[in-house]
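Analysis of the macromolecular model
In case you want the letters, here they are:
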Amino acid sequence: MRDRITGSKALMRALQAEGVKTIFGYPGGSIMPVYDALFDYTRGEKKCFDHILVRHEQGATHAAEGYARVSGEVGVALVTSGPGVTNTLTGIADAMLDSTPIVVIAGQVAINALGTDAFQEVDLVGVAQPISKWSYQIRHAEDVAWAVSRAFYIARTGRPGPVVLDFPRNAQVEEIDWEPAKVDFVRSYVAYPKLNMEAVREAADLINNAKRPLALVGQGVELGHAQEELKTFLEKADIPAGRTMLGLSALPSDHPLNVGMLGMHGNYAVNLKEQECDVLIAIGMRFSDRVTGNTKTYAKQAKIIHLDIDRSEIDKNVKTDVAVVADCKESLPAITALLNKNKHTEWRNSFRELDEKERTKVIEPAIHPKEGPLLMGEVVNAVAEKAPKGTVLVTDVGQNQLFATRYFKYPQKRSICTSGGLGTMGYGMPAAIGATFATDRTVVCFMGDGGFQMNIQELGTIMEQQAPVKMIVMNNNYLGNVRQWQDMFWRRRKSFTKMLNPCYELIAKGYGIAYEAVTDRANLAAAVEKMLATKGPYILECAIKEDDDVLPMTPPGMNVNDMMLEI
């Protein structure tokens, strides 16, 4: 007997074949046949998926991102056509810039209605193409199995990223004879470039002859599951390593070769030492402008080695001397095998004076203030000290992000989830929801009062799912990062950055979420302990000094060695 099913049921089987466990979505007219098929797969003996009903489609994509970043698997979002799918575009662009593997499946009007301006019709493939790894319209049910397998293959291999599937209604209801499909090759798509051993030898030679080597570690190490390979590489040649914001948990915070965070608001020593090293090894990072500052003066004294899986990143922002284009899980061991066992004690010790200068001028006043209102740094530090080992840090975007990433601790891989390239306010809360479905580890989410309100409706998702997100709202009644820039570069003209905020206690009460407010540092430690000990979700609102500034800072467009410790 033939196994005849609809395209919607074929989608369920195809997702099951890809190992999908969790779907974040929001139903609507054009995706209703799929949701009807999903009904049977989320309950009873057939159950194989958890469907998480978000409150906004942007929330679905960010939740899928959070799930993907923490689990290492592909996140899935399911939405309807028209405004349903245009609401996902911010999340798709965010995933593209941060190399996050998600698959967004969207309903569409039937193909005979395409181009007629039918109700909730939008050219999704055309709109999504520039901000996704692949976008495709499944026009017939017989193509479902192939398209889904191809989508997941493209999303998760090579440099990961978002894939968008446009699923017209006719293909959802058509009946077909089910045949599974498995895609593990796409013509013209080279997911894993062949390792060039000559480049490996050149890189090893430069490192063996270096007196002042410095590694820059990016998220590519996490994406390539190469954390152990990285440690072996660094330890053999005794190379100090800075980490990008997205690469913070690729190397444990307490590793002796970790010398801090790179970038505009990173650590003082490692940023200045980029201008002193003689060999700079970039591993799975893209030389973002937030890392390099003025590229005309960046690391001009150094020979630059760039390890990346994506050939398009080579020489895009910074000219390299040796490019090793391959998966870092393959390239790092290949280079390590050719390295001499080395010691760079004097070079590593040279970081200490600058570290102490930052500790005295910036870190101690930020995390252990003697008086005045609460500071963001001390709130982050209080949570970091009490949080269980392996806690996942999720942040929104703004000052909360910059303080949180600086002062949190990362003893375990895949411990940070934040919006890097796109800088998406409103990312934090839904991404934290996704993270809770990816792990049993504690998930803390730092947000400012602005970012908290960007996707505040997702408190409804947290309420329904009892997602155990520990939310720390650092409320300074300002769009803090913009306010800091206005003070520094716009003659203190605070144009529309002052916030009139609602009563968050009443909002928490409305959603049935535990809440506490902290206005006095004497109560901070106890409040953090209570939050972490409480089962389920929690909102901890902290009243922050209005003009708390993030330091150090390299002003935009300036040289890395122009980093300021004070304003």
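The following refers to the structure shown. Quick caveat: nothing in here was measured; it's all calculated off a predicted structure.

The subject of this paragraph is the overall build of the protein. Of the regular secondary structure elements, the protein holds 24 helices and 20 strands. By the compact-globule yardstick of 24 Å for 567 residues, the protein fits well, its C-alpha radius of gyration being 24 Å. Considering only C-alpha atoms, the protein reaches an extent of 75 × 60 × 45 Å along its principal axes. When burial is assessed residue by residue, the protein has 60% of its 567 residues classed as buried. The contacts of the protein with a sequence gap of at least 6 include a subset with a gap of at least 24, amounting to 77%. Averaging the locations of the 62 positively and 68 negatively charged side chains of the protein gives two centres separated by 3 Å.

Moving on to the packing of aromatic side chains. A full pass over the atoms with the stated rule returns 14 aromatic pairs. A ring pair is formed by Tyr 153 and Tyr 189, whose centres lie 6.0 Å apart and whose planes are at 90°; its orientation type is edge-to-face. Taken together, the residues span a long stretch of sequence, with Tyr 153 in helix α7 (residues 144-156) and Tyr 189 in the loop between β8 (175-177) and α9 (197-208) at a distance of 36 residues. Judged by centre distance (6.1 Å) and plane angle (70°), the rings of Phe 287 and Tyr 298 are edge-to-face. Highlighted residues: Phe 287 in the loop between β12 (279-283) and α13 (289-292) and Tyr 298 in the loop between α13 and β13 (303-308), separated in sequence by eleven residues. For Phe 287, a relative accessible area of 2% corresponds to the buried category.

Okay, the environment of Arg 521 next. Inspection of the secondary structure assignment puts Arg 521 in the loop between β19 (514-518) and α24 (524-533). Judged by its relative accessible area of 23%, Arg 521 is partly exposed. A C-alpha to C-alpha distance of 53 Å links Arg 521 and Ser 149, two positions 372 residues apart in sequence. What Arg 521 contacts, discounting residues up to four positions off in sequence, is Pro 369, Lys 370, Glu 371, Gly 372, Pro 373, Leu 374, Leu 375 and Glu 378. Side chain to side chain, Arg 521 and Glu 378 meet in a polar contact 2.6 Å long.

Here the focus is the environment of Leu 15. Turning to its location among the elements, Leu 15 is positioned in helix α1 (residues 7-17). Given a relative accessible area of 2%, Leu 15 falls into the buried group. For the pair Leu 15 and Tyr 538, spaced 523 residues apart in sequence, the C-alpha separation works out to 33 Å. In this view, Leu 15 contacts Val 20, Ile 23, Phe 49, Ile 105, Val 148 and Phe 152; residues no more than four positions away in its chain are not counted.

Here we come to the sheet that holds strand β6 (residues 134-137). Working definition: the strands of a sheet are paired by backbone hydrogen bonds and lie parallel or antiparallel to each other. With parallel pairing, the six strands of this open sheet are ordered in space as β3-β2-β4-β5-β7-β6. For this open sheet the edge positions go to β3 (50-53) and β6, each flanked by a neighbour on one side alone. Recorded for the sheet is a direction-independent mean angle of 20° between the axes of neighbouring strands. Two strands pair when backbone bridges link them, and strand β4 (residues 75-79) and strand β5 (residues 102-108) are joined in this way by five bridges, in the parallel orientation. When the bridges of β5 are listed, Ala 77 appears paired with Val 104.

Taken together, the buried positions of α24 are Leu 524, Ala 527, Val 528 and Met 531. Buried residues of α24, viewed axially, fall in a sector of 100°; they line one side. Away from its buried face by more than 90 degrees, α24 exposes Ala 526 and Ala 533. The elements touched by buried residues of α24 are α17 (376-386), β18 (469-475), β19 and β20 (538-543).

A few words now on the pattern of salt bridges. If you walk through the whole model with that rule in mind, you get 29 salt bridges. Across the salt bridge formed by Asp 98 and Arg 69, the nearest N and O atoms sit 3.9 Å from each other. Note that Asp 98 is positioned in the loop between α5 (89-97) and β5 and Arg 69 in helix α3 (residues 57-71), a separation of 29 residues in sequence. A residue is classified by how much of its surface remains accessible, and Asp 98, at 1% relative accessible area, is buried. With its nearest N and O atoms 2.7 Å apart, the salt bridge here joins Glu 313 to Arg 159. Of this pair, Glu 313 sits in the loop between β13 and β14 (322-325) while Arg 159 sits in the loop between α7 and β7 (163-168), and the two are 154 residues apart along the sequence.

Moving on, we come to the packing of helix α11 (residues 227-237) against helix α14 (residues 328-336). Running from N to C, α11 and α14 cross one another at 25°; their axes reach a closest spacing of 9 Å. Of the possible angle classes, the one that applies to α11 and α14 is roughly parallel. By crossing handedness, the relation of α11 to α14 is classed as left-handed. Residues Glu 229, Leu 230, Thr 232, Phe 233 and Lys 236 of α11 form the contact with α14, whose own contacting residues are Lys 329, Leu 332, Pro 333, Ile 335 and Thr 336. Looking at side-chain class alone, the contact of α11 with α14 contains five nonpolar, two polar and three charged residues.

The rules behind these values
Each chain carries its own residue numbering, running from 1 in the written order of its sequence. Only residues with pLDDT of at least 70 get local features here, since the model is predicted, and only at 80 or more are side-chain atom pairs given and counted; chain-wide, interface and lining totals rely on the full set of residues. To obtain the side-chain values, all non-hydrogen atoms of the structure were included, while hydrogens and water were left out. A run of DSSP states H or I qualifies as a helix once it reaches four residues; a run of E qualifies as a strand once it reaches two. Both are numbered from the N-terminal end. Radius of gyration: C-alpha atoms only; globule rule: 2.2 Å multiplied by the number of residues to the exponent 0.38. Exposure categories follow from relative accessible area, calculated using a 1.4 Å probe and restricted to protein chains: below 20% of the type maximum is buried, above 50% is exposed, and the middle band is partly exposed. Every residue pair with non-hydrogen atoms within 4.5 Å of one another is taken to be in contact. Charged residues are defined narrowly, with Lys and Arg counted positive, Asp and Glu counted negative, and His plus the chain ends left uncounted. By convention, the charge on Lys lies at NZ, on Arg at CZ, on Asp at CG and on Glu at CD. Any two of the Phe, Tyr and Trp rings considered here, Trp counted by its six-membered ring, make a pair once their centres fall within 6.5 Å; the pair's planes then place it as stacked at under 30 degrees, edge-to-face at over 60, or tilted in between. Any N or O atom pair separated by 3.5 Å or less is treated as a polar contact, with the protein-specific requirement of one donor-capable and one acceptor-capable atom, and with residues adjacent in sequence counted only for side-chain atom pairs. Two strands qualify as a pair provided that DSSP identifies no fewer than 2 bridges between them. Between N-to-C directions, angles cover 0 to 180 degrees, with each direction set by a line fitted to C-alpha atoms, over the stretch in contact for helices. Here the arc refers to the directions that run from the helix axis out to each C-beta atom. One speaks of a salt bridge when a side-chain nitrogen belonging to Lys or Arg is within 4 Å of a carboxyl oxygen belonging to Asp or Glu. Geometric relationships in this document are graded by angle, where less than 35 degrees denotes roughly parallel, more than 145 denotes roughly antiparallel, 65 to 115 denotes roughly perpendicular, and other angles denote oblique. The crossing is said to be left-handed when, going from far helix to near helix, the turn is anticlockwise and less than a right angle, and right-handed when the turn is clockwise. Any residue that is not Ala, Val, Leu, Ile, Met, Phe, Trp, Tyr, Cys, Pro, Asp, Glu, Lys or Arg is counted as polar, Gly included; the first ten are nonpolar and the last four charged.

Interpretation note: all reported values are geometric properties and have no functional meaning in isolation.
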